[in-house]
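Chains, contacts and geometry: an overview
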Amino acid sequence: SGAFIGLWVELVVRAGVSMRGVAAVLELVGEYTGHTFPIPHVTTGRGWLLRLGMAELVKPLEQADDWVLFADHSVQIGSQKLFVITGVRAAHQPPAGLALQLGDQQLIGLAPMTDSNAASVQAELERATVRIGIPRAIVSDQGSDVKSGVARFCEAHPETLAISDIAHRAACLLKPRFEQDERWARFVKLAGQTKAQVAQTELAGIRPPSLRTKARFMNVDPLITWGIKAHRLLVRCRTRHAPAGMTVARVEEKLQWLNEFADALREWREWMQVKDVALTVVRRQGHSTHTPDLLDRAQPRPLAHSSSSELADQFLAFVTEQSAPLRPGERLPGSSEVLESTFGKFKTLERDQSQGGFSSLILSLGTILSQSRNTL
């Protein structure tokens, strides 16, 4: 029945159960409730996922001039990239103050690409217009091929705005700051050494986290937070006592190097606060003629470091630039993170297969975004 198909799909998509694991879940539910369930083969369930996804990809969509598209590549092992276009109508956005959610998007286009370039990206964007008309804006992370393709599309359609994802701009602003800060390179090196030294000791609980290799400068917060907390522990040990299972001498031996970075850590934390405020404002408010003022008022004042004030000014200049072309009363998204969340959900669904090339499961992206799953 449709309800049973809906249950199977929701277990995979919403609950994160593997396709093979659904059978075990249904068997357990049957045992505990005294009801028996027909157990479909995994290939049957996979077929449901693909059919629902295909339906999302081909169903008619409203032709309107307020569509905002999110465009990016999903990359896995192999020679292909998957170019994905999702979208939301500006009129259907959540109210100001609420960020876009996964289910707010519609799947507009899917295109596996062996050679991704400006021409192929533009071609897929043009193909998307058949379903929805000429969009009002395209939000992307400004990767070279996507950026060039979006620029060519906007040149052909002047009514379309190119909007740069706020998280990508934040990474671009932070990267040179950290790369040119000699204190940061030394801090990362010493933190890595400390992690190795304490991993198999009684101090393993205070080992520093590892930096992510992807989007590194958007993910430095955990390491900075660790540095601040570890330094506080070091100071507390000197005036009071060490946590259970540790000695003051051992904490001092492994963490005393943090004294060198006390001031730097406070400065870096302030950079993160400035960045977080900018991301939060744009995620929840989008771009509008009011957004620059909202951002300016939201930044913590006064900032203790001139470098932080400079960073806040750079974020304000960017948001002002992005908001300037908008019409009075218009509000458009400024973040493509809903699409990144879709990629994350897709890779969870793929599980081990995400370590290989793309397969027909790419159609399940439509199922992930389907707003009609619960009506089956």
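As a reminder, the structure under discussion sits directly above these lines.
About the cut-offs
Residues numbered from 1 in each chain as written. Predicted model: local features only at pLDDT ≥ 70, side-chain atom pairs only at ≥ 80, totals over all residues. Heavy atoms only, no water. Helix = DSSP H or I, 4+ residues; strand = E, 2+ residues; numbered from the N terminus. Contact = heavy atoms within 4.5 Å. Areas by Shrake-Rupley, 256 points an atom, 1.4 Å probe, with all protein chains shown as cover. Lys, Arg positive; Asp, Glu negative; His and termini not counted. Charge placed at Lys NZ, Arg CZ, Asp CG, Glu CD. Pairing = 2+ DSSP bridges. Axes fitted to C-alpha atoms, helices over the stretch in contact; angles between N-to-C directions. Parallel < 35°, antiparallel > 145°, perpendicular 65-115°, else oblique. Nonpolar A, V, L, I, M, F, W, Y, C, P; charged D, E, K, R; others polar. Buried < 20%, exposed > 50% of the residue type's maximum accessible area, 1.4 Å probe, protein only. Core = buried A, V, L, I, M, F, W, Y, C linked by side-chain atoms within 4.5 Å. Phe/Tyr/Trp six-rings, centres within 6.5 Å; stacked < 30°, edge-to-face > 60°. Arc of directions from axis to C-beta. Salt bridge = Lys/Arg side-chain N within 4 Å of Asp/Glu carboxyl O.

Considerations on the overall build of the protein
A count of helices and strands for the protein gives 14 helices and five strands. Within the protein, contacts between residues separated by at least 24 positions form 74% of all contacts whose residues are at least 6 apart in sequence. Roughly 18100 Å² of accessible area belongs to the protein as shown, and the carbon and sulfur atoms make up 53% of that amount. Charged side chains of the protein number 43 positive and 39 negative; the gap between the two group centres comes to 5 Å.

With respect to the sheet that holds strand E5 (residues 161-164)
Reading across the sheet, the five strands line up as E3-E2-E1-E4-E5 and stay open at both edges, with mixed pairing between neighbours. Because the sheet does not close on itself, it has two edges, and the strands there are strand E3 (106-113) and E5. Between one strand axis and the next, the sheet turns through 20 degrees on average, direction left out of account. Sheet analysis places strand E1 (residues 67-75) next to strand E2 (residues 81-89), joined by nine bridges and oriented antiparallel. Note on E2: the bridge partner recorded for Phe70 is Thr86.

Quick word on the packing of helix H1 (residues 2-13) against helix H3 (residues 42-58)
The contact between H1 and H3 brings their axes to 10 Å, and the two run at 90 degrees. Relative to H3, the element H1 lies roughly perpendicular. Between H1 and H3, the residues in contact are Phe4, Ile5, Trp8, Val9, Val12 and Val13 and Gly45, Arg46, Trp48, Leu49 and Leu52, respectively. Within the contact of H1 with H3, the residues separate by chemical class into nine nonpolar, one polar and one charged.

Points about the environment of Pro243
Along the polypeptide, Pro243 turns up in the loop between helix H8 (221-239) and helix H9 (248-255). Relative accessible area serves as the criterion here: at 28%, Pro243 is assigned to the partly exposed category. Counting along the chain gives 10 residues from Pro243 to Leu233, while the straight-line C-alpha distance between them is 8.7 Å. The contacts of Pro243, once residues within four sequence positions are left out, are Leu233 and Cys237.

Concerning the nonpolar core
With 50 residues, the main nonpolar core has Phe178, Trp184, Phe187 and Trp268 as its most contacted residues. Contributing elements (two or more residues each) for this core: helix H6 (166-179), helix H7 (182-198), H8, H9, helix H10 (262-285) and helix H12 (306-323). Sort the elements by how many residues they give to this core and H10 lands first, with 11 residues. Every residue in contact with Trp268, bar those within four places of it in the chain, is listed here: Phe178, Asp181, Arg183, Trp184, Phe187, Ile224 and Phe261. Listed in part, the 43 residues of the second largest apolar core include Met19, Leu100, Leu326 and Leu363.

What to know about the side chain of Asp181
Structurally, Asp181 is set in the loop between H6 and H7. Setting aside chain neighbours within four positions, we find Asp181 in contact with Trp268 and Trp271.

A few points about the packing of aromatic side chains
Each aromatic ring pair is described using two quantities: the centre-to-centre distance and the angle formed by the ring planes. According to the stated counting rule, one finds 12 aromatic pairs in the structure shown. A ring pair is formed by Phe178 and Trp268, whose centres lie 6.4 Å apart and whose planes are at 55 degrees; its orientation type is tilted. Of this pair, Phe178 sits in helix H6 while Trp268 sits in helix H10; the two residues are 90 residues apart in sequence, bridging distant segments of the chain. When the ring of Phe178 is compared with that of Trp271, the centres are 5.2 Å apart and the planes differ by 70 degrees; the resulting orientation is edge-to-face.

Remarks on helix H11 (residues 291-298)
Considered for burial, the residues of H11 that qualify are Thr291, Pro292 and Leu295. With its buried residues spanning 100 degrees around the axis, H11 presents them on a single face. Tucked inside the fold, the buried residues of H11 contact H10 and H12.

Quick look at the pattern of salt bridges
Per the counting criterion, the structure on display carries 21 salt bridges. The partner of Asp66 in a salt bridge is Arg89, and the shortest N-O contact between them spans 2.7 Å. In this pair, Asp66 sits in the loop between H3 and E1 while Arg89 sits in strand E2, placing the two residues 23 residues apart along the sequence. Per residue, the accessibility class of Asp66 equals that of Arg89, and both read buried. Of the charged contacts, one joins Arg183 and Glu267 as a salt bridge, the two residues approaching to 2.9 Å between their closest N and O atoms. Of this pair, Arg183 sits in helix H7 while Glu267 sits in helix H10, placing them 84 residues apart in sequence.

Some words on the pairing of strand E4 (residues 137-140)
Along any regular strand, the residues point their side chains to alternate faces of the sheet. Alternating residues of E4 divide into Ala137 and Val139 and Ile138 and Ser140, and every residue in both groups is buried. Relative to E4, E1 runs parallel, the two sharing three bridges. From the neighbouring strand, Phe70 faces E4, where its bridge partner is Val139. Bridge count for E4 against E5 is four bridges, and the pairing is parallel. Within E5, the residue paired with Ile138 across the bridge is Ala162.

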